[in-house]
Amino acid sequence: PDLDDIINLDDFEKAAEQTLSKKAWAYIHGASNDNITRDANQHMYKRIWLRPAVMRDISVVDTSCELFGCRLSMPVYISPTGAVRMAGPEGEVGQAKAAATAGIIQCMSTPASYPHDEILAATKDQAFFQLYVNKNRAESEKLIRQVTSSGLVKAIFVTVDCPVISKREDDERVKADEKTGTTLTPASRVSAGKKDKKGSGLTRQNSNFIDSTLNWNDIAWLRSITNLPIVVKGIQRWEDAVMAMKWKCDGIVISNHGGRAADTSPPSILVLMEIQKHCPQVFRSMKVLTDGGIRRGSDVVKALCLGASAVGIGRPFMYAVGYGQEGVEHLASILQEEIKVAMQLCGITNLAREASPSYVNTADLDH
Ligand code: FNR
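This text gives an overview of the structure that appears in the document. (Residues numbered from 1 in each chain as written. Predicted model: local features only at pLDDT ≥ 70, side-chain atom pairs only at ≥ 80, totals over all residues.)

## Some points on the overall build of the protein chain
Okay, step 1: When its secondary structure is counted, the protein chain shows 17 helices and twelve strands.
Okay, step 2: Here the protein chain has a C-alpha radius of gyration of 19 Å; the compact-globule value for 367 residues is 21 Å, and the two agree.
Okay, step 3: Overall, the protein chain is about 60 × 50 × 45 Å in size when its C-alpha atoms are taken along their principal axes.
Okay, step 4: Of all 367 residues assigned to the protein chain, the portion counted as buried reaches 51%.
Okay, step 5: Within the protein chain, contacts between residues separated by at least 24 positions form 74% of all contacts whose residues are at least 6 apart in sequence. (Helix = DSSP H or I, 4+ residues; strand = E, 2+ residues; numbered from the N terminus. Rg over C-alpha atoms; globule rule 2.2 N^0.38 Å. Buried ≥ 20, exposed ≤ 12 C-beta atoms within 10 Å, placed from the backbone. Contact = placed C-beta atoms within 7 Å.)

## Here we look at the pairing of strand 6 (residues 127-131)
Okay, step 1: Counted residue by residue, strand 6 has five buried out of five residues, so it is predominantly covered.
Okay, step 2: Going residue by residue along strand 6, you find Ala127, Phe129 and Leu131 tucked away on one face and Phe128 and Gln130 tucked away on the opposite face as well.
Okay, step 3: You can see the chain leave strand 6, run along helix 6 (residues 137-148) and come back into strand 7 (residues 153-159), and the turn it takes is right-handed. (Right-handed = clockwise from strand over helix to strand, strands pointing away.)

## Re the sheet that holds strand 11 (residues 310-313)
Sheet strands line up and pair through hydrogen bonds in the backbone, either parallel or antiparallel.
Okay, step 1: Reading around the barrel, the eight strands line up as 4-5-6-7-8-9-10-11 and close back on themselves, with parallel pairing between neighbours. Averaged over all neighbouring strand pairs, the angle between strand axes comes to 30°, with direction disregarded.
Okay, step 2: Strand direction decides the pairing type here: strand 4 (residues 76-78) and strand 5 (residues 105-108), joined by two bridges, are parallel. Among the inter-strand pairings, Ile78 is bridged to a residue of strand 5, identified as Gln106. (Pairing = 2+ DSSP bridges. Axes fitted to C-alpha atoms, helices over the stretch in contact; angles between N-to-C directions.)

## A word on helix 6
Okay, step 1: For helix 6, which comprises twelve residues, the first-to-last C-alpha distance of 17 Å matches the rise-based estimate of 16 Å (1.5 Å per residue) to within 8%.
Okay, step 2: Where the residues of helix 6 are buried, they touch helix 5 (116-122), strand 6, strand 7 and helix 10 (218-225). (Expected span 1.5 Å × (residues − 1).)

## Side note on the site of the ligand
Okay, step 1: Around the ligand there are 25 residues in total, and Ser79, Gly82, Thr159, Gly258 and Gly314 lie nearest to it.
Okay, step 2: By residue class, the composition of the shell around the ligand is seven nonpolar, 14 polar and four charged. (Near = placed C-beta within 6 Å. Nonpolar A, V, L, I, M, F, W, Y, C, P; charged D, E, K, R; others polar.)

## Some words on the packing of helix 4 (residues 91-102) against helix 16 (residues 324-346)
Okay, step 1: Where helix 4 contacts helix 16, the axes come no closer than 8 Å and their chain directions differ by 40°. On the basis of their axis angle, the class for helix 4 and helix 16 is oblique. Both helix 4 and helix 16 take part in a crossing whose hand is right-handed. Side by side, helix 4 and helix 16 meet where Gly94, Gln95, Lys97, Ala98, Thr101 and Ala102 of the first sit next to Gly324, Gln325, Val328, Glu329 and Ala332 of the second.
Okay, step 2: Taken together, the residues that form the contact of helix 4 with helix 16 break down as four nonpolar, five polar and two charged. (Parallel < 35°, antiparallel > 145°, perpendicular 65-115°, else oblique. Left-handed = near helix turned anticlockwise from the far one by under 90°.)

Right, dumping it as structure tokens:
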């Protein structure tokens, strides 16, 4: 389809399904085991009702927000996804340029398919960096120093929900094609995914450097390397939100890796509500972010009303790269408009100031 015919985020997914290679589609769209958490992330937002307030002057609304010293046109960032070139040749560079134009921010991933300095060069003035801690800690220290030396990186997101590689069945089943191999090399250091006894999962072949000894004490290690805000990505229970607070992290991302970590771990929005209930002080001492299944401007509004400061979106921003930088910019403008209209229909003029649980009804999730 033409870009003009794409009018919502799901349209990007449908277009990608038609155009991507089987391997690329399986890798990107797939999650782990039965894909239950991936689908539930999205469905749970549909079970939360809005509580629109009417008769307010909503002629002027402000969707912007501030996050770790960055000014954003809307409370949305591009979640870190590895090997973005699989979705389109412009890959992370196209995303970075589009993020700059749209006034949002890209979180660059450790297993990026372009060299990190090239992605940063395409970034106007702000980026986040996602870290997978390497078994060889000296490598991680070097990487952090390298990406932060530019001054463009404003926060480090350390991903903690995949200490071992989960069972990515869709990815394992589809044999890598020639095209996938060439799309990925050389920068991503992802092998072409040859079929071996355990299947042909790209994830498994690309992730065995990740340190499974990682634990809370390592926050102190990270703190000794960087003064940037440290954000723990992959919180899936309120007790760990409290741990992150105790370790003086600057933020958390409530995330289950888009369902790619522990399948049947709870949908992110439920964890957000759990934190509201058990330890609301978390929201006062750290930035609480969330990702997984956010596909509508109204989903963004719901997450903010339930306490999130901003949200990440993963797969749709990959599918959009199929249309290059322009596709990513189109996605951002669709989302910006949807957020604005959702706010207006709910009687909210300033998200950062006014978002509150009074705008949502979550009763359907209680049983
Ligand atoms: C991811 N995600 C991810 N997370 C991370 O911390 N480092 C990474 O390298 C990757 N790579 C990656 C690749 C692909 C293809 C996907 C789909 C996801 C997880 C990502 O940051 C985010 O948590 C989810 O994508 C959010 O869910 P949605 O928006 O895709 O539903």
